[in-house]
Amino acid sequence: QVQLVESGGGLVQTGGSLRLSCAASDGTFNRYTMGWFRQAPGKEREFVAAINWSGDSKYYADSVKGRFTISRDNAKNTVYLQMTSLKPEDTAVYYCAARTYYSSNYYSGREYNDWGQGTQVTVSS
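In what follows, the accompanying structure is described. Because the structure is predicted, anything quoted here is derived from the model rather than measured.

1. Details of the environment of N30
Note on placement: N30 falls in the loop between β3 (18-24) and β4 (33-39). Relative accessible area serves as the criterion here: at 36%, N30 is assigned to the partly exposed category. In the structure, N30 is positioned 44 residues away from N74 in sequence and 5.3 Å away in space, judged by C-alpha atoms. Among residues more than four places away in sequence, those in contact with N30 are W53, R72 and N74.

See the structure below:
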């Protein structure tokens, strides 16, 4: 089981930026697909972004395309989510997730087997 720890959440005004980080405990991190999901109060968890093991394939939800960027540093066992032009509707708990096996589905949370505890992002209007 991979231990994942998110950081970087906080309170920001509309139009602001934040960078989330997710550090993995596993030394084989560079083999994993990594994803970011979020869950707002009263809503289901939703896909935000994902990145393959090498970092050369990235996937985004339509709602964040052009505003959020996912990246990874395999030497540091860390995946990032750079968020810009934040909107109040981006307010949610953001979760990092790891998939340690092959799957062609990057968008479903059921395809990820390890999760972090989440970090709160609040965007004020």
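The structure having been displayed, the exposition proceeds.
2. A word on the pattern of salt bridges
One pass over the full model with this rule turns up four salt bridges. E46 is the partner of R38 in a salt bridge, and the nearest nitrogen-oxygen pair spans 2.6 Å. Residue R38 is classed as buried on the basis of its relative accessible area of 5%. A relative accessible area of 35% places E46 in the partly exposed class. Among the salt bridges present, the one from K65 reaches D62, with a minimum N-O distance of 3.3 Å. Overlapping salt bridges, with partners in common, bring together R38, E46, R67 and D90 in one network.

3. Notes on the state of the cysteines
Scanning all chains against the criterion turns up one disulfide. Disulfide partner of C22: C96, at an S-S distance of 2.0 Å. On the S-S bond that ties C22 to C96, the torsion sits near -75 degrees, and the link is left-handed. Highlighted residues: C22 in strand β3 and C96 in strand β9 (residues 92-99), separated in sequence by 74 residues. With a relative accessible area of 0%, C22 lands in the buried category. With a relative accessible area of 0%, C96 lands in the buried category.

Cut-offs applied
Residues numbered from 1 in each chain as written. Predicted model: local features only at pLDDT ≥ 70, side-chain atom pairs only at ≥ 80, totals over all residues. Heavy atoms only, no water. Helix = DSSP H or I, 4+ residues; strand = E, 2+ residues; numbered from the N terminus. Buried < 20%, exposed > 50% of the residue type's maximum accessible area, 1.4 Å probe, protein only. Contact = heavy atoms within 4.5 Å. Salt bridge = Lys/Arg side-chain N within 4 Å of Asp/Glu carboxyl O. Disulfide = S-S within 2.5 Å.

Geometric descriptors of this kind do not, in isolation, establish any biological role.
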